[in-house]
Amino acid sequence: MLRPSPSYRAVVFSTLLVLGLSACSFEPKLRVPSSPGDHTPYTTSGNPQKTVGAQGLAGSAQKFAYGKDLDEEWWKLFHSPQINRLVQTGLKNSPSVAQAQAQLRQAQAVERVNASIFYPQVSGSLQSTRAKASAAAFGGGKGGFHYSLVTGSLNVSYYPDIFGVNRLVYNNSKALVDYQRWELEAARLTLTGNIVTTAIDAAATRAQIAATQEIVQREEKLLRLTQLQYQAGAINYNTVVTQASQLASEQAKLPPLQQQLTVYDHELATLLGEFPGAASIPELQLKQIVLPEKIPVSLPSTLLKQRPDIQAALAQMKAANATIGEAKAQFFPTVQLSAAIGSTAAHPGLFFNPVSSIWSLVGSLSQPIFEGGKLRAQESEAKAAYEVTYQEYRSTVLGAFGQVANALRALQRDAEALRAQQAALDAARKSLQLSEVSYRSGAIDYLTLLNSEVQYSAAKIAVVQAESQRYQDTAALLVALGGGWWNHPGKDGPKLADVHDAHAASGSSQ
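Please read all numbers here as calculations on a predicted model, not as lab measurements.

Each value, and the rule that gives it
Residues numbered from 1 in each chain as written. Predicted model: local features only at pLDDT ≥ 70, side-chain atom pairs only at ≥ 80, totals over all residues. Heavy atoms only, no water. Salt bridge = Lys/Arg side-chain N within 4 Å of Asp/Glu carboxyl O. Helix = DSSP H or I, 4+ residues; strand = E, 2+ residues; numbered from the N terminus. Buried < 20%, exposed > 50% of the residue type's maximum accessible area, 1.4 Å probe, protein only. Patch = residues over 30% accessible without salt bridge, like charges linked within 9 Å, V, L, I, M, F, W, Y side chains within 5 Å. Areas by Shrake-Rupley, 256 points an atom, 1.4 Å probe, with all protein chains shown as cover. Lys, Arg positive; Asp, Glu negative; His and termini not counted. Charge placed at Lys NZ, Arg CZ, Asp CG, Glu CD. Expected span 1.5 Å × (residues − 1). Arc of directions from axis to C-beta. Contact = heavy atoms within 4.5 Å.

1. Re the pattern of salt bridges
Working step 1: Evaluation of the coordinates by the stated rule reveals 14 salt bridges.
Working step 2: Here Lys460 and Glu214 are joined by a salt bridge, their closest N and O atoms 3.8 Å apart. Placement of the pair is Lys460 in helix α10 (residues 446–480) and Glu214 in helix α4 (residues 165–231), with a sequence separation of 246 residues.
Working step 3: Taking the relative accessible area as the measure of exposure, Lys460 reaches 18% and is therefore buried.
Working step 4: Salt bridges sharing common partners tie together Arg376, Glu379 and Lys383.

Written as structure tokens, this is what we have:
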């Protein structure tokens, strides 16, 4: 009976010893910054509960439902079929979303590569050799001899998970997959936000163009009136020139507005992944958009889960945390086990003969002894990299809460501003109507009428801008809350049920 050699027993013993330590891991506990409680208000002076109402378009009072989540894709709260079509087209064709999807697939492939280290690596080889050996090498005389050799083997190698290094590498890649998933969701949210706000900008510009054209028509009527009065000798020619100048001033406002509308349409085309010249952009009007009257506002703990940028920053922290463990594990031994079985024969007919069989079993262990401080520096680098992600996470969270707070207050102020602008417009309209009647009857001079015209023109445009701002800030709040992605996720996107509270799972610290 063959007995294992002492060296063989030493290899087996050392291998089993190291395998016994494989449950160890040097990955530190994830340290996550603390976040405000659900009873902490978003703004410095408490959370606003509702806004005031105003007359006309976009004048509805808005209420904030705290603790409620968006129950549909956020842009659908505007009840605009045109916006819905634009968003769906953009999500389907946008190169930014397609790029994020490709980056996710790339990260998933890297994860699968790193997962393969948990399994033995098996390979086969087959080699046939025909050679001539010198007889002089064996003490012979002239000539030499020819020989053939056929060798085949099955090779197996395995890297035991010493100190959990393989698991740490895999955790790193898994965290990066999560990061790319959230980056994909962030790309979708950014795209939908840009499409909606650009579409609202375009609609607001169309409204300003319409308001300016209405003012131009009024100025044209007044110009004809002043011309008739001049011909009748009631006024001097300077009044006609002044009114013509006022008309030209209003007409001069149209080309910049029309150019701005063209820019918005071109921006929408590129957001939709189409060439500007080939895109079909609907002529959205402000009156075709419904201002949401009840807006769900997530609690702080839910906001942390819903914001893709916060979850992406958290995934980066997890990846950096795993890298610290990898750096610490480099101070300890690594083991490789390998085995081979096969056959080598001088003739193919003898290849499967037992006398031609060969095998080997190798266990190797390596331990760093001196590397000039490299390992310690790598550990310091990993810790510093984690601190970078830690502070980036803090900045992302603070920025997110700041955006929600600003949007809440903006909606409150927007409603107040619209109410004031509507009142100013009503007053300017009445003043202009009275001035026109008084001017025709000769009760006031032209300068008084002109002043009323200017005030009405400014008030008309201000109302359009105030209405547009309410839509814009409503969209900004819905985007700041993370959108409604969890109810309609893509097949490769995350789900809210899969998002765990890192503060509960890993603990939190300042």
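2. Details of unusual backbone geometry
Working step 1: Here the phi dihedral of Ala58 falls at roughly 60 degrees; this positive angle occurs in a residue that is not glycine.
Working step 2: Here Ala58 is to be found in the loop between β1 (32–33) and β2 (63–66).
Working step 3: The phi dihedral of His79 falls on the positive side, at around 50 degrees, and the residue is not glycine.
Working step 4: Tracing the chain through its elements places His79 in the loop between β2 and α2 (81–93).

3. A short note on a positive patch on the surface
Working step 1: The grouping of Lys50, Lys63, Lys68 and Lys294 at the surface amounts to a positive patch.
Working step 2: Here Lys50 is to be found in the loop between β1 and β2.

4. Topic: helix α6 (residues 254–271)
Working step 1: Helix length check: α6, at 18 residues, gives a terminal C-alpha distance of 26 Å against a target of 26 Å (1.5 Å per residue), a fit within 8%.
Working step 2: The set of residues buried in α6 consists of Leu254, Leu257, Leu261, Tyr264, Leu268, Ala269 and Leu271. The arc that holds the buried residues of α6, viewed along the axis, is 165 degrees, so those residues lie on one side.
Working step 3: Taken together, the buried residues of α6 touch α2, α4 and α5 (237–252).
Working step 4: Gly273 sits one or two positions beyond α6 and adopts a positive phi of about 75 degrees.

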